[in-house]
Amino acid sequence: MTDGPRIGVYVCDCGFNILGTVDVPEVVRFAATLEGVTSAREYKFMCSDPGQELIKKDVRELGLNRIVVASCSPWLHERTFRKTVADAGLNPFLFHMVNIREGVSWVTADKAAATEKAKALVRGGVRRVALQEPLEVRTEPVNPDVLVLGGGIAGIHAALTIANSGKKVVLVEREPSIGGNMARFDKTFPTLDCSSCILTPKMTAVKDHPNITLYTHSEVVQVDGHVGNFEVTVERRPRYVREDLCNGCLECIEACVYRDRRFANEFDLGLAKRKPIYVPFPQAVPLKPVIDPDDCLFLKLGKCKTTCVTACPRDAIDLAMKAERLTLQVGAIIVATGFKPFDPRRKPQYGYGTLPNVVTALEAERLLSPTGPSEGVPRLRDGSVPRAVGIIHCVGSRDANTNAYCSKVCCMYSLKLAHLVKERTGAEVYNFYIDMRTPGKGYEEFYKKLLEEGAHLIRGRVAEVTNAALSKGEIGKLVIRVEDTLAGFVRRIPVDMVVLAVGMEPQADAQAVRRLLTLSCGSEGFFTELHPKLAPVSTATDGVFIAGACQGPKDIPDSVAQAGAAAAEALALVDKGTVEVQPYAAVVEEARCSGCQICLGLCPYDAIEFDKEKKAAHIVEVKCKGCGVCVVACPSAAIDQRHFRTQVVLEEVAGVLA
Amino acid sequence: MMQATVQEARFEPRIVAFFCNWCTYAAADLAGISRMKYAPNAKVVRVMCSGRVDPDFVLEAFRSGADGVLIGGCHPGDCHYKEGNFKAMRRFLLLREVLEDFGIEPERFRLEWISASEADKVRTAVDRMVGDVRKLGPLRWKVG
C-alpha cells in the first residue's frame, strides 16, 4: 500500500429505492473528484452478482486498493461486500459502507437535500477508507452445547431437533413442568388434533433423550461471554422433592395433612384446586411433585406432621432443600419464552372479574379439557351447562386503547372454541368479530365448516357485557350489547357464558430477559429479529436466536416452524466449530503508556492486564469486545481501537462536514 | 414566491450524529425502513458504542464547522458492552460544561438514549435538535 490510496466508489441505485430520491449520477460525479478516488460508478443493484463482479473487475483492471460502496445499511450488506472485496484479493477491512438508503433516501423528502446529504456521507466514507488498515479476522473455538430457554412447544421442538443431531442441549423451564400453554389446550385448530396426544409424546421424548438435560422450576439469571462461548448461570428453585430419588408414585400427595385440595392450581388458571404438594397436571414432565412453600404448613410455619415425608417410600422429600445455582458453558442460545395472555380486566366493560361466567379463552380451554376442572364439559358457576355462549374476538388486540396489533390466532381459536362448545354442550354459540382473519392452510375451510355447523357470526366490536336486564328474557343472563355492522342496528344478545378471546402479549418479564441477552424489543415488547424477512430467528446478538411467541403472536405450526429454523441456525453455528470475531479490539502503544492503570478498572470484560516489568497496560485480545471505552479514557492517548482508530473517525467527521 | 425566498435564506444547521451500532444506529435504520421523514441536516457517524465517542470527536466536529453534535446510545442498563453508555454520559456532562465555558450553548451538544425500536425518537431527536440549533444560528467559534 505504499503507492497511496486508489479508491473505487460504487453508488447503488437500489432500483428506485435510492435513485428515486437521490441524484445518483450527481453523487458519482462528485465522488470522482475526491482525493484518492480512482474510479466512481453507478449501478442498479450493487449487491447483485454483476454488481459485485464490477468491484472485482475494477480491482483487477484498475488496481484499486480501497473500496467504498454507498448503498443500504451496513447491518444488511457489510458482510456481503467484505466478502466481495476479499474475493477480489484485497483485505476485507479496506472497505467502507456508506448508508444512503436507510440513512438518506428513505428518510428525506427533498431530492436536492438528499443528494447533498449523500455526497457528504460519501466524502466522509472516502476520507475514512483512505486511512483504514488491513486487519485479520480471528477465529475462536465454539462450545458445541446449546441452551434453550423455555419449555413450551417451540422450546421443546428446538431442543429435540438439536438433540437429534447429536449435540447436547440444556432446556431450562421456569414452571415445574414443560409443555407451556399448548399443554392447556384440548384440541388444536384446524385439524382438531388432540393437543395432549401430539404434545405429550414430545414432552416424554425430551425427558428420555440422552442429549437433553432438563431443568424445570429453574430460571436463567445471568449470561456472560459471547457467541460460541456463553457462560450461563441457572438458578434451580427448590422443588423440595429430589428428582433423582422420586419415582412419581405420588403417595406423598395422598398423604398430605391437607385432606382437600384448597389452593388454586396455576396450571388450571385457578379454576381447579390442588394441595401444597402437587403435580401441575397428570401428563407433567417430569412427573415429580413440587411443594409450594407459600402453601406448605411446614415451610410456612415450621409446624406440620410432615406426613408426606413419612409416606415417601424412597425418602425423596427434602424440606430443607435450598435454591442452587449452576454454571453452564454453551455455544448458542435459543430463546423461546413465549407469551402472556392479555389481562381482560383492562377492558372492564366486558365484566371479567366482576361478572361470573365471563372467562378468558385460556380458561375456556381448561373447561373444555378432559383433564380440566369440569372434565371437558364447560359449566357455569352454579354447575349447570350453558345453553348460549358468546365469544368476543379481539379482546386486547386491534384496539387503540390496548394493543394496536392483531394477535393472529384469536379468530381461529375462537372458531375452534365455538365448535367444541357446540359439540360438548349443544349450546347456541355467537362469535362477535371485527374481521374474520383465517389465512393458513386449512383455516378458511375450517371457517366454512363452522358456518355450516350453524355457529352465529356477528360482525361488530362488542360495546359491553352486562347483567342489567331490560326485558324478561334477559333476566339472569349476561347480555352482550353490540352494533351488528352487517345488519346495521344495535343488538342485545342474552347468553349464559361469555368467552373473551384475549390477545397475546409479551411475557411480563420480557424486558429482564432482553437485558440478560442484550436483545432488542419492538414497541409492543416482543423480541426483535435481526431482519424481518431474511434473518427471522437471528438477533442482533450473535449466537442468540428467537423462536415462538416471544418474537410476536403466532400459532402452533408457526412456532414449531420457527423453532426448527432457530435449531438449524444454532446447529450451523456450533457444528462449524469455530466463530469469526470482528478484529475491532483495542491495542496499547506500550511506549506511550504511562502505567497509570486507569483503563484497568473501566474495562467491562477484564480484558486489560498490567505488565509490571514493562510498566504498561496490555489488552488480552480474546477478551476485548471492541467497545472502545478505554481508548477514550487513556490520558496519554496510548490506546487506540482497530478499525475505529481516533484518526480514522476524526477524518470521517471532517469529511462529512467539509 | 415569498415563501421560497424565506426558505432559501433559512439557515441550515450542520449536525454530526455519533450513533452507537447496536441501539441508535439500528433505530435510525428502522426509521428508514418505516419511511419516516426527518431533517437531512444530521450526518451520522457510526461507532460501536457511545462510550467510544472521544471528546476529541466532538471538538473536531465543532472545529470542522458543525453547528451541533448529537450522541445516541443505548438506554442505561441496555448497553451492548454492559456500561459504555454510562461512561458516555459522564463524559458528556463534563464536556458540555467545558464547551459552555467556550461559548458553545448546551443546546448544540446533546446525548439521547434511543433503543433499536425507537425509530420515532431518532426522528424527533434530530428534528428538535435541528430546530433548536436553527434558532441559535450558526456557531461562530474562533479556533486558535
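Residues numbered from 1 in each chain as written. Chains lettered and ligands numbered in written order. Predicted model: local features only at pLDDT ≥ 70, side-chain atom pairs only at ≥ 80, totals over all residues. Heavy atoms only, no water.

### A few points about the overall build of chain A
In terms of helices and strands, chain A carries 18 helices and 34 strands. When its C-alpha atoms are laid out on the principal axes, chain A stretches across 90 × 70 × 40 Å. When burial is assessed residue by residue, chain A has 57% of its 658 residues classed as buried. Intrachain contacts of chain A at a sequence separation of at least 6 include 69% that bridge at least 24 residues. Surface summary for chain A: the accessible area is close to 27,800 Å², and the carbon and sulfur share equals 51%. Where the 80 positive side-chain charges of chain A centre and where its 79 negative ones centre are 3 Å apart. (Helix = DSSP H or I, 4+ residues; strand = E, 2+ residues; numbered from the N terminus. Buried < 20%, exposed > 50% of the residue type's maximum accessible area, 1.4 Å probe, protein only. Contact = heavy atoms within 4.5 Å. Areas by Shrake-Rupley, 256 points an atom, 1.4 Å probe, with all protein chains shown as cover. Lys, Arg positive; Asp, Glu negative; His and termini not counted. Charge placed at Lys NZ, Arg CZ, Asp CG, Glu CD.)

### Digging into the pattern of salt bridges
On inspection of all chains with the given rule, the structure shows 57 salt bridges over all chains. Here A:Glu621 and A:Arg642 are joined by a salt bridge, their closest N and O atoms 3.2 Å apart. Note that A:Glu621 is positioned in the loop between strand E33 (616-619) and helix H17 (629-633) and A:Arg642 in the loop between strand E34 (639-641) and helix H18 (646-657), a separation of 21 residues in sequence. On the basis of relative accessibility, which here comes to 31%, the residue A:Glu621 falls in the partly exposed class. Of the charged contacts in the structure, one is a salt bridge between B:Lys87 and B:Glu83, with a shortest N-O distance of 3.7 Å. Assessed through its relative accessible area of 8%, B:Lys87 is described here as buried. Among the ionic contacts, a cluster of salt bridges with common partners joins A:Glu26, A:Arg29, A:Glu116 and A:Lys119. (Salt bridge = Lys/Arg side-chain N within 4 Å of Asp/Glu carboxyl O.)

### Looking at the sheet that holds strand E22 (residues 428-433) of chain A
All names here are of chain A. One open sheet holds the five strands; their spatial order is E20-E27-E21-E22-E23, and the pairing between them is parallel. In this open sheet, the two strands that pair with only one neighbour each are strand E20 (358-360) and strand E23 (456-459). Ignoring strand direction, the axes of neighbouring strands in this sheet form an average angle of 20 degrees. Its contacts with the sheet place helix H11 (residues 361-368) against E20 and strand E27 (497-502), and it is angled at close to 95 degrees to E20. Against the sheet, helix H12 (residues 410-425) contacts strand E21 (388-395), E22, E23 and E27, and its axis sits at roughly 170 degrees relative to E22. (Pairing = 2+ DSSP bridges. Axes fitted to C-alpha atoms, helices over the stretch in contact; angles between N-to-C directions.)

### Notes on the pairing of strand E30 (residues 578-581) of chain A
Residue and element names in this part refer to chain A. The alternating pattern of E30 places Val579 and Val581 on a buried face and Thr578 and Glu580 on a face that is not buried. When strand E5 (residues 138-141) meets E30, the two strands line up antiparallel, connected through four bridges. If you follow arginine 138 over to E30, its bridge partner there is valine 581.

### Quick look at the interface of chain A and chain B
Listed per partner, the contact involves 50 residues of chain A and 51 residues of chain B. Around 4,000 Å² of area is buried between chain A and chain B when both sides are counted, 62% of it from carbon and sulfur atoms. It is A:Trp75, A:Trp106 and A:Leu657 in chain A that bury the most area against chain B; as a group they hold 17% of the surface buried on that side. For the pair chain A and chain B, the number of links is four salt bridges. Of the charged contacts in the structure, one is a salt bridge between A:Asp640 and B:Arg52, with a shortest N-O distance of 3.6 Å. At the boundary of chain A and chain B, one finds 17 residue pairs in polar contact (both at pLDDT 80 or more). (Buried area = accessible area lost by both parts, 1.4 Å probe. Polar contact = N/O pair within 3.5 Å; in protein donor to acceptor, adjacent residues only side chain to side chain.)

### Regarding the side chain of A:His643
Topologically, A:His643 is positioned in the loop between E34 and H18. For A:His643, the residues in contact, after removing those within four places along its chain, are A:Arg82, A:Phe93, A:Phe95, A:Arg128, A:Gln132, A:Leu135, A:Tyr584 and A:Val648.

### Quick look at the state of the cysteines
Considering all chains together, one arrives at two disulfides over all chains under this definition. Paired by a disulfide, A:Cys194 and A:Cys197 hold their sulfur atoms 2.3 Å apart. One disulfide, between A:Cys194 and A:Cys197, carries an S-S torsion of 85 degrees and so falls in the right-handed class. Under the relative-accessibility criterion, A:Cys194 is labelled partly exposed at 25%. Here B:Cys23 connects covalently by a disulfide to B:Cys74, the sulfurs 2.3 Å from one another. On the sign convention where negative means left-handed, the S-S torsion of about 100 degrees between B:Cys23 and B:Cys74 marks this disulfide as right-handed. With B:Cys23 in the loop between strand E1 (15-20) and helix H2 (24-33) and B:Cys74 in the loop between strand E3 (68-73) and helix H4 (84-101), this pair connects stretches of sequence that are 51 residues apart. Residue class for B:Cys23 comes out buried when judged on its relative accessible area of 9%. Cysteine A:Cys304 is unpaired, with the sulfur of A:Cys296 as its nearest cysteine sulfur at 6.0 Å. No disulfide involves B:Cys49; its nearest neighbouring cysteine sulfur is the one of B:Cys79, lying 4.0 Å away. Exposure remark for B:Cys49: the relative accessible area of 3% places this residue in the buried category. (Disulfide = S-S within 2.5 Å.)

### Topic: the domain arrangement of chain A
All names here are of chain A. Looking at chain A, the domain boundaries give domain 1 (7-135), domain 2 (138-237 + 323-337 + 513-578), domain 3 (251-311), domain 4 (340-505) and domain 5 (582-642). On a C-alpha basis, the centres of domain 2 and domain 4 stand 32 Å from each other. Each partner contributes to the interface: domain 2 provides 18 residues, whereas domain 4 provides 25 residues. Where domain 2 abuts domain 4, roughly 1,700 Å² becomes buried across the two surfaces, and 68% of that area is made up of carbon and sulfur atoms. If you look at where domain 2 meets domain 4, you find two salt bridges. Arginine 424 is the salt-bridge partner of aspartate 186, the closest N and O atoms lying 2.6 Å from each other. (Domains from an automatic or database assignment.)

### Remarks on the sheet that holds strand E1 (residues 7-12) of chain A
Residue and element names in this part refer to chain A. What the four strands build is an open sheet, ordered E2-E1-E3-E4; its pairing is parallel. Looking at which strands have only one partner, the edges of the open sheet turn out to be strand E2 (37-43) and strand E4 (95-99). Averaged over neighbouring strand pairs, the angle between their axes works out to 15 degrees when direction is ignored. Where strand E3 (residues 66-71) lies against E4, five bridges are found, and the strand directions are parallel. Looking at the pairing, serine 71 lines up with asparagine 99 of E4. Seen against the sheet, helix H2 (residues 49-62) touches E1, E2 and E3 and runs at an angle of roughly 160 degrees to E2.

### Structural notes on the environment of B:Gly77
Among the structural elements, B:Gly77 can be located in the loop between E3 and H4. When neighbours within four sequence positions are excluded, B:Gly77 is seen to be in contact with A:Arg515, B:Asn85 and B:Phe86.

### With respect to the packing of aromatic side chains
Describing an aromatic ring pair means giving the distance of the ring centres and the angle of the ring planes. This model, assessed by the stated rule, comprises 11 aromatic pairs over all chains. Here the aromatic rings of B:Phe92 and B:Phe109 are separated by 4.8 Å at their centres, their planes lie at 50 degrees, and the arrangement is tilted. On the criterion of sequence distance, the pair formed by B:Phe92 in helix H4 and B:Phe109 in strand E4 (residues 109-113) is long-range, its members being 17 residues apart. Summarising the burial analysis for this pair, B:Phe92 and B:Phe109 share the class buried. Connected via pairs of aromatic rings, a cluster forms that spans A:Trp75, B:Trp22 and B:Tyr81. Here the guanidinium or amino end of B:Arg35 rests over the ring plane of A:Trp106, the centre of that ring lying 3.6 Å away. Looking at B:Arg46, its charged tip hangs above the ring of B:Tyr25, at a distance of 5.5 Å from the centre. (Phe/Tyr/Trp six-rings, centres within 6.5 Å; stacked < 30°, edge-to-face > 60°. Lys NZ or Arg CZ within 6 Å of the ring centre and 35° of its normal.)

### Some points on a negative patch on the surface
All names here are of chain B. On the surface, a cluster of negative charge is made up of Glu97, Glu100, Asp101 and Glu107. Positionally, glutamate 107 belongs in the loop between H4 and E4. Using a relative accessible area of 34% as the deciding quantity, one classes glutamate 107 as partly exposed. (Patch = residues over 30% accessible without salt bridge, like charges linked within 9 Å, V, L, I, M, F, W, Y side chains within 5 Å.)

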